[in-house]
Amino acid sequence: MGNFHLSHLLLFLTTLSVVLALSSPDGQSDAYWLLRIKSNFVDPYGILENWSEGTSICTWNGVACANDQSHIVSLNLSSSGLEGSISPELAHLTSLRVIDLSDNFLNGTIPLELGELHNLEELLLFSNFLTGEIPVEIGNLRKLQVLRIGANMLTGQLIPEIGDLSELRVLALAYCQFSGKIPNEIGNLKHLKNLDLQQNSLTGPIPESIGGCKNLQNFAASNNRIRGRIPASISQLESLEILNLANNSISGSISVELRHLSNLKYLNLYGNDLEGEIPFELNQLVQLEKLDLSNNNLSGTISLLNTQLKNLQTLALSGNLLTGSIPSNFCLHGSSLSLLILAENKLSGSFPLELLNCTSLRQLDLSSNNFGGMLPRGIDRLENLTDLLLNNNSFTGTIPPEIGNLTNLEDLYLFHNMHSGGIPVEIGKLQRLSELYLYENQLSGSIPIELTNCSSLTSVDFFGNQFSGSIPTTIGRLKNLVILQLRQNELSGPIPPSLGYCSKLQKLALADNKLSGSIPPTFRFLSELDLITLYNNSFEGPLPESLSLLKNLSIINFSHNKFSGSISPLASSHSLTVLDLTNNSFSGPIPSELALSKNLTRLRLANNFFTGELPSELGQLEDLRFLDLSFNNLTGDLVPSFSGLKNLGHFLLSSNQFSGKIPTWLGVIEGLGELDLSFNNFTGTVPEELGNCPRLLKLSLSSNKLSGNIPPELGNLTSLNVLDLQSNNLSGSIPSTLQQCKKLYELRLSENNLSGSIPYEIGTLSELQVILDLSKNHLSGEIPSSLGNLVKLERLNLSFNQLEGKVPPSLEKLSSLHRLNLSYNHFQGQIPSTFSGFPLSSFTGNNKLCGPPLLSCSELKGQETKRLSNAGVVGITVAIVLTATVICMVLLYIMLRIWCNWRKVTISCSETGGFEKKKEEGNWVYGEEFKSGSKYWNVNNMSPVKSPYKEKQISTGTCMFNLSKSSSDRSERPLV
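Per an unreviewed UniProt entry, the protein is named LRR receptor-like serine/threonine-protein kinase GSO2, and its organism is Nicotiana sylvestris.

So this is what it looks like as structure tokens:
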């Protein structure tokens, strides 16, 4: 009975102590501290819901108690979705041997108070978002065996205090941001088995002290910045099974001492700066299963033999400078080698027949070497092959039909060789074949219909061969086809309708062939298609409306065909990034629905028959970088909404009917690299705002109706290569600021009304090469001698101006010049001798120029003297004739005056009775003469005399008629 009461008393006291402990603030109870720790966590999944007062802590989730049921020895809350920070009050749980808070969402730093948990054996905090450095107090955990705090955002250096953790077995600090060197104290960890430092920013060499980690089995320090050589002491790690130092900057040669690592199974030195030959001594690593020495600078021949490395499964030596071929005794029957990668070396010779003994091979990669010759017909001995990569070599001949016996083959890469002939029909037996890459060979003939039996095919690439004939009509049997690349062959005929049944097809490239016909309506079933290129064929007809069902199309290139009609079916895909329909016969307006493809970067509709104005909605395409609408019949102004094309790099609108002024908002597009508005009807001036486009490489405004001056702000275009303003009405002088366009290699200002002299500064444009054309303007003055500095210039045209003076001798330095036109100016003097090879037409219209190909200067001078002499003779003759004529006229005038006076005297005498006899004699003579010709010359018939008074009047008239009339009257009747 007493014992019964005693037991109840003890139970009561125990319960009371628990209750008191839970409510006590003095920190004596683990339960109390756990509840405090809980308050630091955010628990979205309710993992800590049963952490509550009144229950035994040993029943709480993640808690393991000691035998006394009052102290916890393990706290495991891994993968619980916890958020928040790690509470420093964990330090009060002094009995803890294991803390596992891994794989949560914890942030903050690692509490330095954890260094007080002297019983702690395992600390696992990996896969969180912890920051800060490793607290040095961690070095106080002398019983710690496992420290895994990787996959966080920890920074700083690896603290040397880690070397004080003498019991440590596992040190995992991978996938953080640690920097600095690996501390020498690491060699104090005699019991360390696993050292994982990969994916940090560690620098410096691997310390020699690493040899002190006698029990080390796994050493991974890949993806750091470690330099120097592999320490010789590493060969003392006889227990080492894994050594991974890939992707560092380790240099020097591979030490032969590595042969002492007799238990090594995995050796990865990929991506370093190792050089020299591969030591033959590595053949002593008989336990080795995987060896990767790729992407180094190793040279020499392959000295590794699978006959000795009998456990070797993977050998990767790609990306080195290895030469020669495969050793003759490289492989024996029964080999375990399944993966052999020798790509990107300098191996040569024919296909290594020694490899045919490696019958266990599943992956063989000999790509990017110098192998040649024909593929062996015995290649089917490698019956386990799943991947055969022989691309980028010089293999010739036909593809052996025995390749059809490799029934496990999944990937066949023979591209970029010199294979010829056709595809063997036996390839149709490869039911597992997934990827077939034969591009860039010399294969010909038709594509065998048997290929469509390879029902597992996902990718077919025959680009750049000479296949002819039609696409197999049964192509639709390839239900798993994702990529079909037949570009740049000689295929003809229509697209088979069955292609539309390859419903998984995502990329279709049929460009650069001789295909014809229209797009089959079955294409409406290609709902996953995102790329289609049909350019450089002879397709025709309108686009089927069913193309509007292809909502995933992102890249379309139908350029250089004969398509016609509307492009509206293509505007239904709102996923477009590239649309190129150049050089077809499409017509109608440009659909505004194209603006719904917000990711459109390239829109090329040049060389069609589009009409109407530009849709203002296109200004919403903020990612558009290339817009080419050249050679259409588009009209209207450039709408202001286009100012939203902030990323536009190429803006090409040439050869349309656009009008209005060139908008100033073009100067806002800072990334503009090419602007071509030529051959339109733009008016007004060249906007000075164009000078705000610092990346502009080409500016072409030619063949418009622009007027005004060339803005000097164009000199700000320091990246400009081409400036073409010809065939406008521009006036004023050529701005000297163009000298700032140092990268100009083409300058065309012809057919304008430019005046003034050619700026001397033009001669500083030393990159001018294609042409300097200033012809058909009103330029005056002399050619500046600085033009002789344009030594790269190929064409110079200064014709049809008003230039004068001599052709500068400095132009003789233009050694690259092959076209020159100085015609129709006012040049004079000697033509530089280096220009003698140019045609006569280069200098015509300059009468005072001499020298080949024109007359020599002496001949020209002689001709001028002769011309002057002849002109003098003619002048003298003309002067004599004129003088004689004047004298004769004067004499004639005097004689007539004398005669008239004499006549008056005679008439006066007759009236007074004097001189009667003389008058009769004169009357007879003259009367007889006029009488004989009275029919034609009778003056009386012209002016009959009616009265004496009239007769008297006539007699005082003109002397010549006076004589005739008087004689006539006297011949017919008496004077009185």
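Caption draft 1: The arrangement of the state of the cysteines in detail. Overall, the coordinates contain 3 disulfides when judged by the stated rule. Each sulfur in the disulfide pair C58 and C65 lies 2.1 Å from the other. An S-S torsion of about -115° defines the bridge between C58 and C65 as left-handed. Between the sulfur atoms of C850 and its disulfide mate C857 the distance is 1.9 Å. Note on the C850 and C857 pair: the S-S dihedral is about 70°, so by sign convention the disulfide is right-handed.

Caption draft 2: Expanded view of the side chain of S74. For S74, the location among the structural elements is in strand 3 (residues 72-76). On the basis of relative accessibility, which here comes to 16%, the residue S74 falls in the buried class. Once residues lying within four places of it in the same chain are set aside, the contact partners of S74 are G62, V63, A64, L96 and V98.

Caption draft 3: Structural view of the nonpolar core. One finds F219 and F651 to be the most contacted residues of the largest nonpolar core, which totals 241 residues. Of all the secondary-structure elements, those providing two or more residues to this core are helix 2 (30-38), strand 2 (63-65) and strand 3. The element that contributes the greatest number of residues to this core is helix 2, accounting for 5 residues. Here F651 is in contact with L627, L638, F642, W665, L666, L672, E674, L675 and D676, once residues within four sequence places are set aside. Judged by nonpolar contacts, the second largest core, of 6 residues, contains L389, Y413, F415 and Y437.

Caption draft 4: Representation of the pattern of salt bridges in the model. As enumerated under the stated definition, the model contains 11 salt bridges in all. Across the salt bridge formed by D512 and R487, the nearest N and O atoms sit 3.3 Å from each other. Highlighted residues: D512 in the loop between strand 37 (507-509) and strand 38 (514-517) and R487 in the loop between strand 35 (483-485) and strand 36 (490-493), separated in sequence by 25 residues. A salt bridge links K698 to D676; the shortest N-O distance between them is 3.9 Å. Linking K698 in strand 53 (residues 698-700) with D676 in strand 51 (residues 674-676), this pair joins segments that are 22 residues apart in sequence. Put simply, E674, D676 and K698 are held in one network by salt bridges that share partners.

Caption draft 5: Structural view of the pairing of strand 3. With respect to burial, strand 3 is a largely interior element, 4 of its 5 residues being buried. Bridge count between strand 2 and strand 3: 3 bridges; the pairing is antiparallel. Across the sheet, the residue bridging to V63 is L75, located in strand 3. Connecting the antiparallel pair strand 2 and strand 3 is a turn made up of 6 residues, with Q69 showing a positive phi of about 65°. Of the strand pairs in this sheet, strand 3 and strand 5 (residues 98-100) are connected by 3 bridges, and their pairing is parallel. Residue pairing across strands places N76 opposite D100, the latter belonging to strand 5.

Caption draft 6: Quick look at the sheet that holds strand 62 (residues 802-805). Taken together, the 7 strands give an open sheet; going across it, the order is 54-56-58-60-62-64-65, and neighbouring strands pair in parallel fashion. Every other strand in the sheet has two partners, leaving strand 54 (707-709) and strand 65 (848-850) as the edge strands with one partner each. Recorded for the sheet is a direction-independent mean angle of 20° between the axes of neighbouring strands.

Caption draft 7: Quick peek at the pairing of strand 20 (residues 297-300). Going residue by residue along strand 20, you find L298 and G300 tucked away on one face and N297 and S299 left uncovered on the opposite face. Here strand 18 (residues 273-277) runs beside strand 20; their pairing, made up of 3 bridges, is parallel. In the strand pairing of strand 20, E277 is matched with S299. Judged from the 2 bridges that link them, strand 20 and strand 22 (residues 321-322) form a sheet pairing that is parallel. Paired with S299 across the strands is L321, a residue of strand 22.

Caption draft 8: Looking closely at the environment of K742. Inspection of the secondary structure puts K742 in the loop between strand 56 (729-732) and strand 57 (746-748). With relative accessibility at 41%, the residue K742 sits in the partly exposed group. A C-alpha to C-alpha distance of 9.4 Å links K742 and G715, two positions 27 residues apart in sequence. In contact with K742, other than residues within four places in its own chain, are T718, T764, L765 and E767. Within polar-contact distance, the side chain of K742 engages the backbone oxygen of Q739 at 3.1 Å.

The rules behind these values
Position numbers for residues start from 1 in each chain and track the written sequence from start to end. Per-residue local features are limited, in this predicted model, to residues with pLDDT of at least 70; the limit for side-chain atom pairs, both in listing and counting, is 80 or more; totals at the level of whole chains, interfaces and linings are taken over all residues. Just so you know, side-chain values use all the structure's heavy atoms and leave hydrogens and water out. Working definition: a disulfide is two cysteine sulfur atoms within 2.5 Å of each other. A helix here means a DSSP run of H or I that spans at least four residues, while a strand means a run of E at least two residues long, and both kinds are numbered starting from the N terminus. Only protein chains enter the area calculation, which uses a 1.4 Å probe; residues under 20% of their type maximum are buried, those over 50% are exposed, and those in between are partly exposed. Here a residue-residue contact requires only that any non-hydrogen atoms of the pair lie within 4.5 Å. Residues belong to one nonpolar core when they are buried, are Ala, Val, Leu, Ile, Met, Phe, Trp, Tyr or Cys, and are joined through side-chain atoms within 4.5 Å. Take a side-chain nitrogen of Lys or Arg and a carboxyl oxygen of Asp or Glu: if they are within 4 Å of each other, that pair is a salt bridge. Should DSSP find at least two bridges between two strands, the strands are regarded as paired. A fitted line through C-alpha atoms represents every axis, and for helices the fit uses only the stretch in contact; the resulting angles, taken between N-to-C directions, go from 0 to 180 degrees. Two N or O atoms count as a polar contact when they lie within 3.5 Å, although within protein this holds only if one can serve as hydrogen donor and the other as acceptor, and sequence-adjacent residues are included solely when both atoms are side-chain atoms.

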